[in-house]
Amino acid sequence: MVAGHSYGGQIMTALGDDAPNVVALVYVAAFGLAEGESLGALLGGGPPSPALAHLIVDEQKLGWLPEEDFVRHFASDVDPVTARVLHAVQQGLSMSTFEDVMGTPAWKSHPTYFLVATKDEAIPPEAERMFAKRMGATTVEVRSSHLAMVSHATDVVKLIESATTVTAR
């Protein structure tokens, strides 16, 4: 079983059908791209979400969220002290990631689960629902910010545990 959050969804989707030891995929407020899609094209289809509106790109072409946006939008239901710590240890995302085009998605050949964070201000909940629907994913919705695994850890654990009981397709 593989679980991914946010951009981690793109990474596990890119496993394609070449993941023989994976029995299920769990997306937690994550990107679930289809074949031929890219993050850049998806995100470029409208105004940036509140969490991504002021993305800082450094000289190494890594994207970073400003502290204010991280605390107010990315982690809005996380204790502010904890959110500031998480901001301080965030990892930059290579801007080239937005250009990567998805091949055959792993969700086409694996049972899939999806947690929609209904208060997400990084990936719009409508987009998460669309990803889950086209995947045919077993879906739960949680009234959470983008960091559901922090603010609603029990719900995330339950979903992951339910995925461990499946057998591969």
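Preceding this section is the structure that the text describes.
Residues numbered from 1 in each chain as written. Predicted model: local features only at pLDDT ≥ 70, side-chain atom pairs only at ≥ 80, totals over all residues. Heavy atoms only, no water.

Comments concerning the sheet that holds strand β2 (residues 25-30)
With respect to topology, 4 strands assemble into an open sheet ordered β1-β2-β6-β7, the strand pairing being parallel. Of all the strands in the sheet, just β1 (2-6) and β7 (138-142) have a single pairing partner and so form its edges. The sheet shows a mean angle of 15° between the axes of neighbouring strands, direction not considered. The pairing of strand β6 (residues 112-117) with β7 spans 5 bridges and is parallel. Bridging from a neighbouring strand, leucine 115 pairs with valine 140 of β7. The strands touched by helix α5 (residues 125-135) within the sheet are β2, β6 and β7, with β6 carrying the most contacts at an inclination of about 165°. Against the sheet, helix α7 (residues 153-163) engages β1, β2, β6 and β7, with an angle of about 170° to β6. (Pairing = 2+ DSSP bridges. Helix = DSSP H or I, 4+ residues; strand = E, 2+ residues; numbered from the N terminus. Axes fitted to C-alpha atoms, helices over the stretch in contact; angles between N-to-C directions. Contact = heavy atoms within 4.5 Å.)

Focus: the pattern of salt bridges
The final tally for this structure, using the stated rule, is 4 salt bridges. The partner of arginine 84 in a salt bridge is glutamate 67, with the nearest N and O atoms 3.2 Å apart. You can see arginine 84 sitting in helix α4 (residues 80-88) and its partner glutamate 67 sitting in helix α3 (residues 67-74), a full 17 residues away along the chain. Given the relative accessible area of 36%, glutamate 67 is considered partly exposed. A salt bridge links glutamate 68 to arginine 72, with the shortest nitrogen-to-oxygen separation between them at 3.6 Å. One end of the pair is glutamate 68 and the other is arginine 72, both in helix α3 and 4 residues apart, which spans about a single turn. Relative accessible area serves as the criterion here: at 47%, glutamate 68 is assigned to the partly exposed category. (Salt bridge = Lys/Arg side-chain N within 4 Å of Asp/Glu carboxyl O. Buried < 20%, exposed > 50% of the residue type's maximum accessible area, 1.4 Å probe, protein only.)

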